Amino acid sequence: MSESEERETVKSFNPASGDVNDEIEAATPAEVDEAVEAAREAQKSWASRSVEERLHVLDVFQDHLIRRREEVARTIASETGKPVGEGLVTDLIPVIDAVRFLKKRGPEVMETRLDLDNIMVMDRKSKIVREPLGVLGMITPWNYPFGIPGSQVIYALLAGNAVVLKPARETTLTGLKIEEILVDAGLPEDLLHVVPGGGSTVGQALIESDIDQMTFTGSNEVGEMIQEQCAERGVPTTMELGGSDPAVVLDDANLDNATSGIVWSRFMNCGQTCAAAKRAYAHDSVFDEFRDEVVRKVENLRVGNGAEENVDMGPLIDDGAVEEIERQVEESVEMGAEVLAGGERLDREGSFYAPTVLGNVTHDMPVIREETFGPVLPLMSFENEDEAVKKANDTRFGLTASVWTRDTDRGERVARRIEAGTVVINDHGYTYGINETPWGGFKDSGHGRTHGVWGIEEVTRMKHINKGSADTVPRSLRPETTWWFPYSDDYLETMGDGIEFLYGNGVVRRATKAPKMLKELIGRDKL
Ligand code: NAD
């Protein structure tokens, strides 16, 4: 290795204490290429295994994960500072649940029979088989460092792909755990490579490598740059980007539940959740009560190192993230926002910012216009549903949203008007952990879907196979009226009658063509 190619190292820190967890050697760009090449070889025999054989490995992985859950959750807590129990719920369950879902639905999605109702093809059969794309590149963030890459890797493997994953450098140890546990569970060598390192070095090398698809989860700034480079090279992408989700509290909401749910969604993971309730709007008639209850619940949050007991909220990922929150809050306050709770960095070791509630907020403030990736909840009121919907949609993002009401039909009417990939009624953003449901956003929140049937579709290509007997003439039992050559003398008339019979309006009109069609199908000489 020449001096200019000197290997970087990645330091894993605990943001709650500043302690270094470990220092890991980063991959070099050449090693990224080698990983993709080795993965390509391994993928061929993996794809030739049956779905059930591939599921068996995932099943064993699920067992290992359940057994090693606390070790993994503690690794996550050591790199992010989040409460250990929260890591268990929000990082591990989505992955454990992904295996459950794939065992249940994977085989039928990978091969689906189609019902062909058209009598012209009644003697034929169709099926959809899903083929893997090959080697997938994945670049993932630190906020859910096990849940996001873990579930994406599981879907890709079920479908017969190989994966080269670059985890966020902040959470490299957690990323490496995914590989370690899968290999322990019997995943064949080279099918999954976790390549540690920085974005502009190792991430860039992965973008430029010979991958067949790129799944990126992270910020819009980086995602848009990766999207452009992949598009130039014809590499398809799935983009899971930022969010500024609204929570809309209608006048008939259960305010106790609404305030608890919104405070949990916003402050869980120290506000560093793509689908957190980043803005809350309550109806004028309940706004004061809603505001007071939110402030009371936020002031009761116990902030600390998530590795310790009785902590609700940990630190931000690093000091840079704290400075960004300070800027957004300070600029918003200068523009007239009122601090109702928190509003400043905490005077203690680690990257801590106080859980913050802002009132008197307007839509031109940074806490609304930008994605606020930290523990800040701006509150606003509205007069009627039209105003609530207008405010909810006044954003470049469209990841998820929530509507809080005792009348769930009314909630659905409002939900249908909100521009977001998921709208939850009477909860917020939790569906990432429910694998039957799709994950992905509208507008600048990205494109494509992970999870659910759509998550399998995203990492496969669809092949249609249509089968018929070698000895049957298609479309008719009477060879001279098939649409193969040569066309019969009465071809135009017969086909016209056929169209009337099959698709024409009105039973009587269709019935007049029935005897003729019967003759065509059964054969004149047999009647
Ligand atoms: P980020 O974009 O800074 O980093 C994400 C990944 O990209 C990391 O692995 C990073 O190393 C890599 N990267 C950075 N620069 C790169 C470059 N030049 N080339 C290649 N790779 C590069 O995002 P983050 O700070 O880790 O995560 C926070 C963001 O992710 C927020 O905007 C959040 O909303 C979003 N997010 C979205 C979802 C979703 O499902 N939509 C989920 C989680 C996080």
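Presented here is an overview of the structure given in this document. (Residues numbered from 1 in each chain as written. Predicted model: local features only at pLDDT ≥ 70, side-chain atom pairs only at ≥ 80, totals over all residues. Heavy atoms only, no water.)

1. Some words on unusual backbone geometry
Item 1. One non-glycine residue, cysteine 270, lies in positive phi territory at about 55°.
Item 2. Here cysteine 270 is to be found in the loop between helix 9 (255-267) and strand 11 (277-283).
Item 3. Taking relative accessible area as the criterion, cysteine 270 reaches 2% and is therefore assigned buried.
Item 4. The phi dihedral of lysine 443 is positive, around 50°, even though this residue is not glycine.
Item 5. Along the chain, lysine 443 falls in strand 18 (residues 442-443).
Item 6. Overall, the relative accessible area of 35% leaves lysine 443 in the partly exposed class. (Helix = DSSP H or I, 4+ residues; strand = E, 2+ residues; numbered from the N terminus. Buried < 20%, exposed > 50% of the residue type's maximum accessible area, 1.4 Å probe, protein only.)

2. Let's talk about the layout of surface pockets
Item 1. The volume enclosed by the largest pocket comes to roughly 980 Å³.
Item 2. Listing elements by their share of the lining of the largest pocket, those giving two or more residues are helix 7 (199-208), strand 8 (213-217), helix 8 (220-232) and helix 11 (319-334).
Item 3. Approximately 310 Å³ is the volume found for the second largest pocket.
Item 4. Lining of the second largest pocket is provided by 19 residues; of these, Thr90, Gly429, Tyr430, Tyr432 and Gly433 occupy positions nearest its centre.
Item 5. Listed by contribution, the elements that provide at least two residues to the lining of the second largest pocket are helix 4 (84-110) and helix 9.
Item 6. No other element matches the 4 residues that helix 4 contributes to the lining of the second largest pocket.
Item 7. Across the lining of the second largest pocket, the residue classes break down as 13 nonpolar, 6 polar and no charged. (1 Å grid on protein atoms, 1.4 Å probe; cavity = no way out; pocket = protein on both sides within 12 Å on 5 of 7 lines; lining within 4 Å. Points joined across faces, edges and corners; volume = space filled by probe spheres on them. Nonpolar A, V, L, I, M, F, W, Y, C, P; charged D, E, K, R; others polar.)

3. Re the packing of helix 3 (residues 69-80) against helix 6 (residues 172-184)
Item 1. For the pair helix 3 and helix 6, the least separation of the axes is 8 Å and the interaxial angle reads 160°. By the angle between their axes, helix 3 is roughly antiparallel relative to helix 6. Every residue of helix 6 that contacts helix 3 at Glu71, Val72, Thr75, Ile76 and Glu79 is listed here: Thr172, Leu173, Thr174, Lys177, Glu180 and Ile181.
Item 2. The residue makeup of the contact of helix 3 with helix 6, split by class, is 4 nonpolar, 3 polar and 4 charged. (Axes fitted to C-alpha atoms, helices over the stretch in contact; angles between N-to-C directions. Parallel < 35°, antiparallel > 145°, perpendicular 65-115°, else oblique. Contact = heavy atoms within 4.5 Å.)

4. Some details on the nonpolar core
Item 1. Judged by nonpolar contacts, the single largest core of 67 residues is most densely connected at Phe61, Leu65, Ile154, Leu182 and Leu192.
Item 2. Those residues within four positions of isoleucine 154 in sequence are excluded, and the remaining contacts are Leu58, Phe61, Val95, Ala98, Val99, Leu102 and Leu182. (Core = buried A, V, L, I, M, F, W, Y, C linked by side-chain atoms within 4.5 Å.)

5. Things to note about the packing of aromatic side chains
Item 1. All told, the structure shown has 5 aromatic pairs when counted by the stated rule.
Item 2. Note on tryptophan 142 and phenylalanine 373: the rings are 5.7 Å apart at their centroids and 70° apart in plane angle, and the pair reads as edge-to-face. Pair noted here: tryptophan 142 is in the loop between strand 5 (135-139) and helix 5 (147-158) and phenylalanine 373 is in the loop between helix 12 (366-369) and strand 14 (376-382), with a separation of 231 residues, a long-range link.
Item 3. For the ring pair tyrosine 432 and tryptophan 439, a centre distance of 5.0 Å and an interplane angle of 85° mean the geometry is edge-to-face.
Item 4. Take tyrosine 432: its relative accessible area is 14%, and that puts it in the buried class.
Item 5. In this structure tryptophan 439 comes out as buried when scored by relative accessible area, which is 4%.
Item 6. Three or more aromatic residues link up through ring pairs in this structure, and these residues are Phe485, Tyr487 and Tyr491.
Item 7. If you follow arginine 348 out to its NZ or CZ, it ends over the ring of phenylalanine 352, 4.3 Å from the centre. (Phe/Tyr/Trp six-rings, centres within 6.5 Å; stacked < 30°, edge-to-face > 60°. Lys NZ or Arg CZ within 6 Å of the ring centre and 35° of its normal.)

6. Some points on a negative patch on the surface
Item 1. Taken together, the side chains of Asp33, Glu34, Glu37 and Glu208 present a region of like negative charge at the surface.
Item 2. The dominant element in the negative patch, judged by the number of residues it contributes, is helix 1 (residues 29-48), at 3 residues.
Item 3. Along the chain, the position of glutamate 34 falls in helix 1. (Patch = residues over 30% accessible without salt bridge, like charges linked within 9 Å, V, L, I, M, F, W, Y side chains within 5 Å. Areas by Shrake-Rupley, 256 points an atom, 1.4 Å probe, with all protein chains shown as cover. Salt bridge = Lys/Arg side-chain N within 4 Å of Asp/Glu carboxyl O. Lys, Arg positive; Asp, Glu negative; His and termini not counted. Charge placed at Lys NZ, Arg CZ, Asp CG, Glu CD.)

7. Regarding the site of the ligand
Item 1. Around the ligand lies a shell of 30 residues, among which Thr140, Ser219, Leu241, Glu371 and Trp439 are the nearest.
Item 2. Glycine 199 is positioned such that a nitrogen or oxygen atom in its backbone is 3.1 Å from a nitrogen atom of the ligand.
Item 3. For the ligand, the protein covers 87% of the area, taking 840 Å² as the surface of the free molecule.
Item 4. The cavity that encloses the ligand is the largest pocket.
Item 5. Counting residues per element, the ones that place at least two in the shell around the ligand are helix 7, strand 8 and helix 8.
Item 6. By residue number, the principal contributor to the shell around the ligand is helix 7, which donates 5 residues. (Near = heavy atom within 4 Å. Polar contact = N/O pair within 3.5 Å; in protein donor to acceptor, adjacent residues only side chain to side chain. Sits in = over half its atoms within 2 Å of the grid points.)

8. Things to note about the sheet that holds strand 4 (residues 125-132)
Item 1. Overall, antiparallel pairing links the 3 strands, which are arranged 3-4-20 in an open sheet. Two strands bound the open sheet, and with one partner strand each, they are strand 3 (111-114) and strand 20 (460-467). For this sheet, the mean inter-axis angle between neighbouring strands, taken without regard to orientation, is 25°.
Item 2. Of the strand pairs in this sheet, strand 4 and strand 20 are connected by 8 bridges, and their pairing is antiparallel. Residue pairing across strands places proline 132 opposite threonine 460, the latter belonging to strand 20.
Item 3. The sheet contacts of helix 4 involve strand 3, strand 4 and strand 20, and relative to strand 3 the element is tilted by about 60°. (Pairing = 2+ DSSP bridges.)

9. Observations concerning the pairing of strand 10 (residues 245-249)
Item 1. Judged by how many residues are buried, strand 10 sits mostly within the fold: 5 of 5 residues are covered.
Item 2. Burial of strand 10 is two-sided: the residues Asp245, Ala247 and Val249 facing one way and the residues Pro246 and Val248 facing the other way are all buried.
Item 3. As paired strands, strand 10 and strand 11 are joined by 5 bridges and run parallel to one another. What sits directly across from alanine 247, in strand 11, is alanine 280.

10. Topic: empty space enclosed by the protein
Item 1. Per the counting criterion, the structure on display carries 2 cavities of 30 Å³ or more.
Item 2. By volume, the largest cavity is sized at about 80 Å³.
Item 3. Contributing elements (two or more residues each) for the lining of the largest cavity: helix 5 and helix 15 (452-458).
Item 4. Its residues placed into classes, the lining of the largest cavity shows 3 nonpolar, 5 polar and 2 charged.
Item 5. Lining the second largest cavity we find 13 residues, and of these Pro246, Thr395, Phe397, Gly398 and Thr400 sit closest to its centre.
Item 6. Those elements that place two or more of their residues in the lining of the second largest cavity are strand 10, helix 13 (385-393) and strand 15 (397-398).
Item 7. Its residues placed into classes, the lining of the second largest cavity shows 5 nonpolar, 5 polar and 3 charged.

Shape descriptors only; they carry no functional weight alone.
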